[in-house]
Amino acid sequence: MALVWGAQLHFVIAAYDSPHKHFGYQPFNESSTWEAQIVRVTRDGRREDIRHGWEGYRWDELVRGRGLDVPFVRHHASYGAAATLDLFQQALDWVATHTPADRSTHHFEAQVIVVRNAGEPRLHQLRSVTRPP
Amino acid sequence: MSASSAKAGFFERRINVRAIGLLRLLVGLITLVHLGPFLEAAVPGRYFAERFFVPFFEGFPVLSVEGYRRTLLVGVGAALALSAGLFTRAAAALTLPVVSFNVLSNQLHFGHNRAFLMTLLFGLALLPSGAAFSLDGWRQGRRGTLPDETAPAWQLVLVRGLACTPYLASGFSKLVDRDWWGGVVMADRIARYRHVAEGLGVPPALIDPIASHGFNAVMWKIVVLTELFIGVGLWFRRTKLTAMVAALGFHLLIEITSTVSVFSFLGISALLLWVRPAIRERVLHHRPADPSSRRVRAAVARLDWLHRFELRPVEAAELMVEDVDGSRWTGRAARRLVWSRLPLTAPFAAPLRLVDVLRRRLWR
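## Brief notes about the overall build of chain B
Scanning chain B for helices and strands turns up 17 helices and 6 strands. Its C-alpha atoms put chain B at 70 × 60 × 50 Å along the principal axes. Out of the 364 residues belonging to chain B, those deemed buried represent 49%. Considering only contacts in chain B between residues 6 or more positions apart, those separated by 24 or more positions represent 73%. On chain B, roughly 17400 Å² of surface is accessible, and the fraction owed to carbon and sulfur atoms is 65%. Mean positive and mean negative side-chain charge positions of chain B (44 and 25 charges, respectively) differ by 5 Å.

## Considering the interface of chain B and chain A
Between chain B and chain A, the residue contacts involve 44 residues of the former and 35 residues of the latter. It is Arg51, Phe52 and His112 of chain B in chain B that bury the most area against chain A; as a group they hold 22% of the surface buried on that side. Taken together, the connections running from chain B to chain A amount to 1 salt bridge. Asp179 of chain B is the salt-bridge partner of Arg116 of chain A, the closest N and O atoms lying 3.6 Å from each other. Applying the counting rule to chain B against chain A returns 19 residue pairs in polar contact (both at pLDDT 80 or more). Going through the elements one at a time, α1 (3–12), α5 (112–126), α7 (153–175), α8 (178–181) and α9 (184–192) of chain B are the ones with two or more residues in the side of chain B that touches chain A. In terms of residue count, α7 of chain B provides more of the side of chain B that touches chain A than any other element does, 12 residues in total.

## A word on unusual backbone geometry
For residues besides glycine, phi is generally negative; the peptide bonds are generally trans as well. All names here are of chain A. Its identity is not glycine, yet Tyr25 carries a phi of approximately 50°, on the positive side. Along the chain, the position of Tyr25 falls in the loop between α1 (2–14) and β1 (33–42). For Tyr25, a relative accessible area of 3% gives the class buried. Non-glycine residue Glu55 carries a positive phi angle of around 45°.

## Brief notes about the sheet that holds strand β4 (residues 309–313) of chain B
The strands making up a sheet associate through hydrogen bonds between their backbones, and the pairing can be parallel or antiparallel. Residue and element names in this part refer to chain B. The 4 strands are arranged β4-β3-β5-β6 in an open sheet whose pairing can be described as mixed. Each edge of the sheet is formed by a strand with only one pairing partner; in this case those strands are β4 and β6 (328–330). Across this sheet, the average inter-strand angle for adjacent strands is 20°, counted without regard to direction.

## Remarks on the pattern of salt bridges
Per the counting criterion, the structure on display carries 26 salt bridges over all chains. Linking Asp102 of chain A and Arg131 of chain A is a salt bridge whose minimum nitrogen-to-oxygen distance equals 4.0 Å. Highlighted residues: Asp102 of chain A in the loop between α3 (81–97) and β4 (105–115) and Arg131 of chain A in the segment after β5 (121–127), separated in sequence by 29 residues. Taking the shortest distance from any N to any O, the salt bridge between Asp148 of chain B and Arg14 of chain B comes out at 3.8 Å. Placement of the pair is Asp148 of chain B in the loop between α6 (135–142) and β2 (150–152) and Arg14 of chain B in strand β1 (residues 14–16), with a sequence separation of 134 residues.

## A look at the packing of helix α13 (residues 237–257) of chain B against helix α14 (residues 263–270) of chain B
Residues and elements named next belong to chain B. Across the interface, α13 lies against α14 with an axial gap of 9 Å and an inter-helix angle of 170°. On the basis of the axis angle, α13 is roughly antiparallel to α14. Residue-level inspection shows Leu248, His251, Ile254 and Glu255 of α13 in contact with α14, the latter providing Phe263, Ser264, Phe265, Gly267 and Ile268. Among the residues making up the contact of α13 with α14, the classes are represented as 5 nonpolar, 3 polar and 1 charged.

## With respect to the packing of aromatic side chains
One pass over the structure, following the stated rule, counts 23 aromatic pairs over all chains. Taking the centre distance of 5.0 Å and the plane angle of 70° together, the rings of Phe23 of chain A and Phe110 of chain B count as edge-to-face. In this pair, Phe23 of chain A is assigned in the loop between α1 and β1 and Phe110 of chain B in the loop between α4 (88–104) and α5, connecting two distinct chains. A residue is classified by how much of its surface remains accessible, and Phe23 of chain A, at 16% relative accessible area, is buried. Taken together, a centroid distance of 5.0 Å and an interplanar angle of 85° make the contact between Trp235 of chain B and Trp274 of chain B edge-to-face.

## Side note on the environment of Trp363 of chain B
Mapping Trp363 of chain B onto the fold places it in helix α17 (residues 346–363). Along the backbone, Trp363 of chain B and Arg142 of chain B are 221 residues apart, and their C-alpha atoms lie at a distance of 51 Å.

## Some words on α17 of chain B
Compared with an ideal rise of 1.5 Å per residue, which puts 18 residues at 26 Å, α17 of chain B spans 25 Å between its outermost C-alpha atoms and is within 8% of the ideal. Listing the buried residues of α17 of chain B in full gives Ala346, Ala349, Ala350, Arg353, Leu354, Asp356 and Val357 of chain B.

Each value, and the rule that gives it
- Residues numbered from 1 in each chain as written.
- Chains lettered and ligands numbered in written order.
- Predicted model: local features only at pLDDT ≥ 70, side-chain atom pairs only at ≥ 80, totals over all residues.
- Heavy atoms only, no water.
- Helix = DSSP H or I, 4+ residues; strand = E, 2+ residues; numbered from the N terminus.
- Buried < 20%, exposed > 50% of the residue type's maximum accessible area, 1.4 Å probe, protein only.
- Contact = heavy atoms within 4.5 Å.
- Areas by Shrake-Rupley, 256 points an atom, 1.4 Å probe, with all protein chains shown as cover.
- Lys, Arg positive; Asp, Glu negative; His and termini not counted.
- Charge placed at Lys NZ, Arg CZ, Asp CG, Glu CD.
- Buried area = accessible area lost by both parts, 1.4 Å probe.
- Salt bridge = Lys/Arg side-chain N within 4 Å of Asp/Glu carboxyl O.
- Polar contact = N/O pair within 3.5 Å; in protein donor to acceptor, adjacent residues only side chain to side chain.
- Pairing = 2+ DSSP bridges.
- Axes fitted to C-alpha atoms, helices over the stretch in contact; angles between N-to-C directions.
- Parallel < 35°, antiparallel > 145°, perpendicular 65-115°, else oblique.
- Nonpolar A, V, L, I, M, F, W, Y, C, P; charged D, E, K, R; others polar.
- Phe/Tyr/Trp six-rings, centres within 6.5 Å; stacked < 30°, edge-to-face > 60°.
- Expected span 1.5 Å × (residues − 1).

What follows is the structure, given as structure tokens:
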């Protein structure tokens, strides 16, 4: 009993240090909102908005769920702003490494505007991993 | 009694878990509802692993789309068997890993309601629940043996501890969050979804007070304290009924105001864990000559699925119920006690029963 309850307690306490709060039971933890602009930075230094697709790819076909597929409009950060930023960073990295037909993009950059619990908007700059040559 | 013999007694004591059979039936159905959308996507070949996904652990196995589809089908079959109580232990032991695998294979699959589902499935894998409301029990009955509806008491206590955690953890996290406790979070949400309520025809005269600072500063403190009260109150006999009624109201409020998938159904079903683990503890003294009394008796005979009542015909003046604590209830209060203990009518009658109990406590 102590082992199982201890494991449960561990998850609950660990959630305070985790952006995602998995198994920590903190539902509706924030009313925060977010939206993002994503550009691809090409190997020759151009910055292009990817909203309407690039090199045969579309963001909303590669990334789904939690509002990540339509980052260009304001969304509720349903699991909190920190969880959204963390997932969005991972989504950028995933797209950078799973688009083999794209030969011109060097990396992706995103400007994410987060409004945490009706507070002041804050700008976060994210950058994907560099795509392999 | 020494501490060690009390401890040994606790681990040896067996209790009736008939109510867990009903919980199993409901959780099996809820699992089907949970798995449905995943299967619906996987059957035509839409596979989450072909898009951005984040497994919970490095090296977590990624199945082929066919393997994933088959795994979900196994989960659906296991959930069906779990609900029906067919090879119950095996079904419970199979449903849990399939649901867990699906959730853990992608962080985007995670939801607090799914974590709670996994917790309850763990409970059902631990607690023997196949004797009641089950094909296993029915088959055993046909063979002429009485299904064993008992389980070790410690197992139920363990699962109860897990099941009250969502209330305690959620309540505490909001208690220590200044924005939540101050009402900022919910006031912001209400402001953002105001247009939805207006679109549904809710009059501004009703929305304005709910959106006001004063309402939000007070209301959500009450909600947080209610959550904490549920998590604690369920453990004690004197507060259990109040906590259960609070939990019903709490889940109803969430279901109306938010999108929480299967959480409300799980939360309400999980209240079955807190049903007293014994049968025929209450005595219904009914008057065979009285038509009204006969109707109550007939309803109990049909709807007392958890075997809460022993029926005794008497020539008393009116219908009377003797509760587990020896207290006696007559008239409408007795009827409300009866309805509050029948699974079908309990959600509606429990608040009325609570009023009776509080009224008697106040008058004493």
